[in-house]
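Coordinate inspection notes
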Amino acid sequence: MSTAEPLVLGIETSCDETGVGIVRGSTLLANVIASSMEEHARYGGVVPEVAARAHLEAMTPTLTAALDQAGVTLDDLDAVAVTAGPGLAGALMVGVGAAKALAVATGKPLYGVNHLVGHVGADVLRADGSAIELPTVALLVSGGHTSLLLVRDLVGDVELLGETIDDAAGEAFDKVARLLGLPYPGGPQIDRAAADGDPTAIRFPRGLTLPKDMAAHRYDFSFSGLKTAVARWVERCRDEGREVPVADVAASFREAVVDVLVTKALNACRDTGVDRLLLGGGVVANARLRQVATERCEAAGVELRIPPLDLCTDNGAMIAAIGAKLVAEGHAPSDLGIAADSTLPVTTVQV
């Protein structure tokens with residue numbers, strides 16, 4: 001095994017995307033994703049059982065495509081890495097089962113890793129080869145997670161500063177999109193609608209930002225109240241017989257979410273004395289989030305890092321990157337008896 005630049009295959013099945021990635025050290029060789037999003041669109045959200053079946057059907061062709069893209073065989077691998085949690089239990093089980101089968105069939109070591117830490121690890125796969133500096137504050141925003149982390153060591157020291165206490169940001173985007181009659185997934189639809197709206201038209205609440213909330217939940221997030229405020233505003237508008245200004249509602253809602261995310265992230269940077277912020281997760285594709293984060297980080301003297309957008313959504317390459325880091329640093333493989341853990345804490349990098 002090459003411990004300096006290990007060749008690692010990563011499998012990611014925490015939600016609705018079957019991802020298989022292959023890296024050599026910190027060099028990306030393949031990143032193949034099969035999404036079941038269209039199957040979930042008819043239900044307006046991810047259905048766990050549908051996701052699990054889709055992973056089963058997509059696993060072999062996705063794995064084959066990744067190996068072909070990388071130009072390697074299973075025998076060439078130094079290790080297999082897989083998302084062991086957190087995520088949807090049934091979906092995780094498919095990936096963990098597939099990774100175990102590959103490990104047994106090839107005799108390669110298995111590494112079960114944390115999905116959330118994987119989003120931070122995606123930054124090591126930059127094409128320019130620039131290494132992520134640590135410590136860093138990391139803001140992870142997706143359909144299932146909104147977390148604020150302090151990462152001192154990518155595979156050895158990750159601290160959870162705060163997280164959502166109800167809806168994740170991406171989940172709130174989906175629910176508000178539904179209120180406005182926009183299709184699933186809501187994030188891209190809200191982004192498009194907001195492009196023609198006024199973000200100052202409606203002052204929606206910023207969850208957990210009042211002084212009393214900041215004392216108890218300084219780094220935590222809450223988007224349930226914001227979602228309810230949007231619903232009541234739209235309902236009142238319709239009751240009065242007025243046409244709902246979709247663009248203004250979308251822009252004002254998006255602004256409230258982005259404001260809270262960036263404010264709390266920069267608070268964490270200031271409080272910890274860490275002048276670096278990394279954004280990760282699918283919601284990072286939101287144009288306004290990237291714009292506001294860029295502007296406010298520059299004003300605060302904080303270095304902003306955003307992994308390539310195709311590595312911000314769930315993918316196997318980020319899991320392979322963490323696996324390669326574990327191998328390179330001499331960490332022992334995971335036991336073949338590892339189980340999928342839907343509530344795996346972010347402080348547990350390797351299972």
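Just so it is clear, the structure is predicted and the values come from calculations on it, not from any experiment.

Regarding the UniProt feature "domain: Gcp-like" (unreviewed entry) in the chain
Here the UniProt feature "domain: Gcp-like" (unreviewed entry) sits at residues 28-320. Helix makes up 48% of residues 28-320 and strand 17%, and the two end C-alpha atoms of the span are 9 Å apart.

Brief notes about helix H2 (residues 48-70)
Helical periodicity: at 3.6 residues per turn, an α-helix aligns residues three or four positions apart in one direction. For H2, built from 23 residues, the straight-helix expectation of 33 Å at 1.5 Å per residue is met to within 8% by its first-to-last C-alpha distance of 30 Å. Its maximal kink placed at Ala58, H2 deviates by approximately 45°, while the proline Pro61 follows within four residues. Looking only at H2, the buried set comprises Val50, Ala51, Ala52, Ala54, His55, Ala58, Met59, Thr62, Leu63, Ala66, Leu67 and Ala70. Buried residues in H2 make contact with strand E1 (7-12), strand E2 (17-24), strand E3 (27-35), helix H1 (37-41) and helix H3 (89-106). One or two steps after H2, the chain reaches Gly71, where phi turns positive at roughly 70°.

Observations regarding the pairing of strand E4 (residues 79-85)
The two faces of the sheet receive side chains in turn, since in a regular strand these alternate between them. In terms of residue burial, E4 counts as a mostly covered element, since 7 of its 7 residues are buried. Of the strand pairs in this sheet, E1 and E4 are connected by 4 bridges, and their pairing is parallel. Note that in E4 the partner of Ile11 across the bridge is Val82. In this sheet, strand E5 (residues 110-114) lies alongside E4 in parallel orientation, the contact comprising 5 bridges. If you follow Thr83 over to E5, its bridge partner there is Val113. What joins E4 to E5 is H3, and the crossover it makes is right-handed.

A word on the environment of Asn114
Inspection of the secondary structure puts Asn114 in strand E5. Accessibility expressed as a relative area gives 0% for Asn114, which makes it buried.

Some words on the pairing of strand E9 (residues 276-280)
Extensive coverage of E9 is indicated by the burial of 5 of its 5 residues. Across the two faces of E9 the burial is the same, with Arg276, Leu278 and Gly280 and Leu277 and Leu279 all buried. Pairing of strand E6 (residues 136-141) with E9 involves 4 bridges; the strand directions are parallel. Bridge pairing links Leu140 to Gly280 in E9. Taken together, E9, helix H10 (residues 287-300) and strand E10 (residues 303-305) form a β-α-β motif whose crossover is right-handed.

Looking at the packing of helix H5 (residues 169-179) against helix H8 (residues 224-239)
At their nearest, the axes of H5 and H8 sit 10 Å apart, and the two run at 5° to each other. By the angle between their axes, H5 is roughly parallel relative to H8. Mapping the contact onto sequence places Lys175, Val176 and Leu179 in H5 and Lys227, Val230, Ala231, Val234 and Arg238 in H8. Of the residues that constitute the contact of H5 with H8, the class distribution is 5 nonpolar, no polar and 3 charged.

Thresholds applied
- Residues numbered from 1 in each chain as written.
- Predicted model: local features only at pLDDT ≥ 70, side-chain atom pairs only at ≥ 80, totals over all residues.
- Heavy atoms only, no water.
- UniProt positions renumbered as here; feature names shortened; annotations may be inferred.
- Helix = DSSP H or I, 4+ residues; strand = E, 2+ residues; numbered from the N terminus.
- Expected span 1.5 Å × (residues − 1).
- Bend = angle between axes of the 7 residues up to and from the residue.
- Buried < 20%, exposed > 50% of the residue type's maximum accessible area, 1.4 Å probe, protein only.
- Contact = heavy atoms within 4.5 Å.
- Pairing = 2+ DSSP bridges.
- Right-handed = clockwise from strand over helix to strand, strands pointing away.
- Axes fitted to C-alpha atoms, helices over the stretch in contact; angles between N-to-C directions.
- Parallel < 35°, antiparallel > 145°, perpendicular 65-115°, else oblique.
- Nonpolar A, V, L, I, M, F, W, Y, C, P; charged D, E, K, R; others polar.

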